[in-house]
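Now for the letters of each chain:
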Amino acid sequence: MTEYSPLQSEIKKLIKSSGPMPVWRYMELCLTHPKHGYYVSRDPLGREGDFTTAPEVSQMFGELLGLWAASVWKAIGSPPLLRLIELGPGRGTMMADALRALRVLPPLYQSLSIHLVEINPVLRDKQKSTLSGVRNIAWHESIDEVPEGPAVIFANEYFDVLPIHQVVKRETGWHERTVEIDDAGKLGFGAAAEPMPRFEVLLPPLVRAAPVGAVFEWRPDAEIMKIATRMRDQGGAALIIDYGHLRSDAGDTFQAIARHSFTDPLKNPGQADVTAHVDFQALVRAAEDLGARVHGPVPQGDFLKRLGIETRAVTLMAKASHEVSEDISGALKRLVGGGRGGMGSMFKVLAVSEPHLTDLAGFKDEPDARPDTGAAQP
Ligand SMILES: C[S@@+](CC[C@H](N)C(=O)[O-])C[C@H]1O[C@@H](n2cnc3c(N)ncnc32)[C@H](O)[C@@H]1O
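These numbers were taken from a predicted model, which means no experiment stands behind them.

(A) Up close: the overall build of the protein chain. Helices and strands together make up the secondary structure of the protein chain, namely 14 helices and 16 strands. The C-alpha atoms of the protein chain give 21 Å as radius of gyration, which agrees with the globular expectation for 378 residues (21 Å, within 12%). Principal-axis analysis of the C-alpha atoms places the extent of the protein chain at approximately 65 × 45 × 40 Å. Counting the 378 residues in the protein chain, one finds 55% classified as buried.

The structure is reproduced here in structure tokens:
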């Protein structure tokens, strides 16, 4: 991360000319400013980058998601065309691993049409190279562009990068949280002078009783509504995996990550990944309001274990050198374990499906809840 941030000068200019900037606008500029936005200009993933995601930890993650897609395809009557859509596909690693697992099912593999929704030109190029040779593949700027038809949608660490709104509670009510220029000329947080009119009634019950000083944040429902409407009307299931909380509550989770460490989100805008936790209760409510069925959320660790990640790890380790075996064992712990660095309980998995799909693999404890794909695992 360089210390100079051209976006910071631009944001300061905007604040000087138009006044304090709402947090959501600040976050939007940091991530998607056409020239200096974080997700417009770089590949942030992996050891050399700013953070590592589950597909980059191990091939097992994408493979199991591929098998999960196969179980959905079977459950919806094995349609002759299935759209496999990924929102924010990073380096294309997860899709590549999922497709490798799906090759064991030729009738499904041949029915697939792959759609990657990606705004980042640098990552698009990486995806093209990772997925070279895959037929029936297309890239889109938005899920709206994906043609109709039954679909399986994957969104791993996608919702956390969508901008949030924040409000802060004062004696006078809830005020929009802003980014402004402080007395030292630095970016700092502030609040709009006037409270949001009639805002209290819109708040989740837990939040209404929050003390003065509390922050509440939310994301617009637009993206989850598109997913839920598509599932309800055209069939299939979507899998949303992210870090977040199960109940809508007060709390400030706006954060920045650079070089695998937390950093100040107001320092060097455009140079760090700014994110906020996902409110799973809000996603559930929005999807159910539209008549889609939701499954979970469940902790990622439970989900992956139910899909058979431990068996898969043993199979891979049986063929591996001692050193590689250690890596596989470490990756397994990271994906399913709790505690520091563990993704197993911090990350949650939520599925949104067409209304009549009652059971989806990975969401219930059953003696053997591995996806019934009709094929042996690769
Ligand atoms: C945190 S990364 C996760 C990448 C990948 N899913 C993984 O798990 O490795 C977020 C991804 O979403 C993409 N992205 C960010 N904002 C987006 C938007 N508004 N529309 C589509 N993709 C977006 C990024 O370029 C990146 O591919």
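That covers the picture; the talk isn't over yet.
(B) Highlighting the sheet that holds strand E11 (residues 255-258). Judged by pairing direction, the sheet is antiparallel, and its three strands sit side by side in the order E12-E11-E13 without closing on themselves. Each of the sheet's edge strands pairs with one partner strand only, and the pair in question is strand E12 (261-263) and strand E13 (273-275). Sheet twist, expressed as the mean angle between neighbouring strand axes with direction ignored, is 40 degrees. Where E11 meets E12, three bridges bridge the pair, whose relative direction is antiparallel. Pairing of alanine 258 across the sheet is with serine 261, part of E12.

(C) Here's a closer look at the pattern of salt bridges. Under the counting rule described, the total for this entry stands at 15 salt bridges. Aspartate 50 is the salt-bridge partner of arginine 259, the closest N and O atoms lying 3.8 Å from each other. Highlighted residues: arginine 259 in the loop between E11 and E12 and aspartate 50 in the loop between helix H3 (38-41) and helix H4 (54-57), separated in sequence by 209 residues. A relative accessible area of 49% places arginine 259 in the partly exposed class.

(D) Spatial organisation of the environment of glycine 133. Checked against the element boundaries, glycine 133 lands in the loop between helix H8 (121-130) and strand E4 (137-140). Its relative accessible area of 79% is what places glycine 133 among the exposed residues. Sequence separation between glycine 133 and tryptophan 174 is 41 residues; the distance between their C-alpha atoms is 53 Å.

(E) Region of the structure containing the packing of helix H5 (residues 59-75) against helix H6 (residues 93-102). Here H5 crosses H6 at 55 degrees, and the two axes come no closer than 7 Å. Accordingly, the angle class assigned to the pair H5 and H6 is oblique. Considering how the two elements wind past one another, H5 and H6 form a crossing that is right-handed. In contact with Gln59, Phe61, Gly62, Glu63, Leu65, Gly66, Leu67 and Ala70 of H5, H6 contributes Met94, Asp97, Ala98, Arg100, Ala101 and Leu102. Of the residues belonging to the contact of H5 with H6, the class tally is eight nonpolar, three polar and three charged.

(F) A look at the site of the ligand. Around the ligand, a shell composed of 18 residues is seen, among which Thr53, Gly88, Gly90, Glu118 and Asn156 lie nearest. Within the contact set of the ligand, an oxygen atom lies 2.6 Å away from a side-chain nitrogen or oxygen of threonine 53. The contact in question runs from a nitrogen atom of the ligand to an N or O atom on the backbone of glycine 88, over 2.6 Å. When isolated, the ligand has an accessible area of 590 Å², and the protein chains bury 94% of it. In terms of residue class, the shell around the ligand is made up of 10 nonpolar, five polar and three charged.

(G) Examining the domain arrangement of the protein chain more closely. According to the domain assignment, the protein chain contains domain 1 (6-42 + 163-218) and domain 2 (54-162 + 223-252 + 268-353). Between the C-alpha centres of domain 1 and domain 2 the distance comes to 30 Å. Buried area between domain 1 and domain 2, summed over both chains or domains, comes out near 2100 Å², and the portion from carbon and sulfur atoms is 59%. It is Tyr39, Arg42 and Leu206 in domain 1 that bury the most area against domain 2; as a group they hold 28% of the surface buried on that side. Seen at the junction of domain 1 and domain 2, the total is one salt bridge. Close ionic contact of aspartate 252 with arginine 177 constitutes a salt bridge, the shortest N to O distance being 3.2 Å. Linking domain 1 with domain 2 are seven residue pairs in polar contact (both at pLDDT 80 or more), by the criterion used here. Contributing elements (two or more residues each) for the side of domain 1 that touches domain 2: helix H1 (6-18), helix H2 (23-32), H3, helix H9 (205-208) and strand E9 (215-218). The residue makeup of the side of domain 1 that touches domain 2, split by class, is 20 nonpolar, six polar and three charged.

(H) Layout of the packing of aromatic side chains. In the structure shown here, the tally under the stated rule is eight aromatic pairs. Aromatic side chains tyrosine 158 and phenylalanine 159 sit 5.7 Å apart centroid to centroid with 85 degrees between the ring planes, which places their arrangement in the edge-to-face category. Side by side, tyrosine 158 and phenylalanine 159 carry an identical accessibility label, which is buried. Ring centres of phenylalanine 216 and tryptophan 218 lie 6.0 Å apart, and the angle between their planes is 20 degrees; this geometry places the pair in the stacked category. By relative accessible area, which is 27% here, tryptophan 218 ends up partly exposed. An aromatic cluster of three or more residues is present, and its members are Tyr26, Phe189 and Phe254. Sitting over the ring of phenylalanine 189, arginine 177 keeps its end group 3.8 Å from the ring centre.

How each quantity is defined
- Residues numbered from 1 in each chain as written.
- Predicted model: local features only at pLDDT ≥ 70, side-chain atom pairs only at ≥ 80, totals over all residues.
- Heavy atoms only, no water.
- Helix = DSSP H or I, 4+ residues; strand = E, 2+ residues; numbered from the N terminus.
- Rg over C-alpha atoms; globule rule 2.2 N^0.38 Å.
- Buried < 20%, exposed > 50% of the residue type's maximum accessible area, 1.4 Å probe, protein only.
- Pairing = 2+ DSSP bridges.
- Axes fitted to C-alpha atoms, helices over the stretch in contact; angles between N-to-C directions.
- Salt bridge = Lys/Arg side-chain N within 4 Å of Asp/Glu carboxyl O.
- Parallel < 35°, antiparallel > 145°, perpendicular 65-115°, else oblique.
- Left-handed = near helix turned anticlockwise from the far one by under 90°.
- Contact = heavy atoms within 4.5 Å.
- Nonpolar A, V, L, I, M, F, W, Y, C, P; charged D, E, K, R; others polar.
- Near = heavy atom within 4 Å.
- Polar contact = N/O pair within 3.5 Å; in protein donor to acceptor, adjacent residues only side chain to side chain.
- Areas by Shrake-Rupley, 256 points an atom, 1.4 Å probe, with all protein chains shown as cover.
- Domains from an automatic or database assignment.
- Buried area = accessible area lost by both parts, 1.4 Å probe.
- Phe/Tyr/Trp six-rings, centres within 6.5 Å; stacked < 30°, edge-to-face > 60°.
- Lys NZ or Arg CZ within 6 Å of the ring centre and 35° of its normal.

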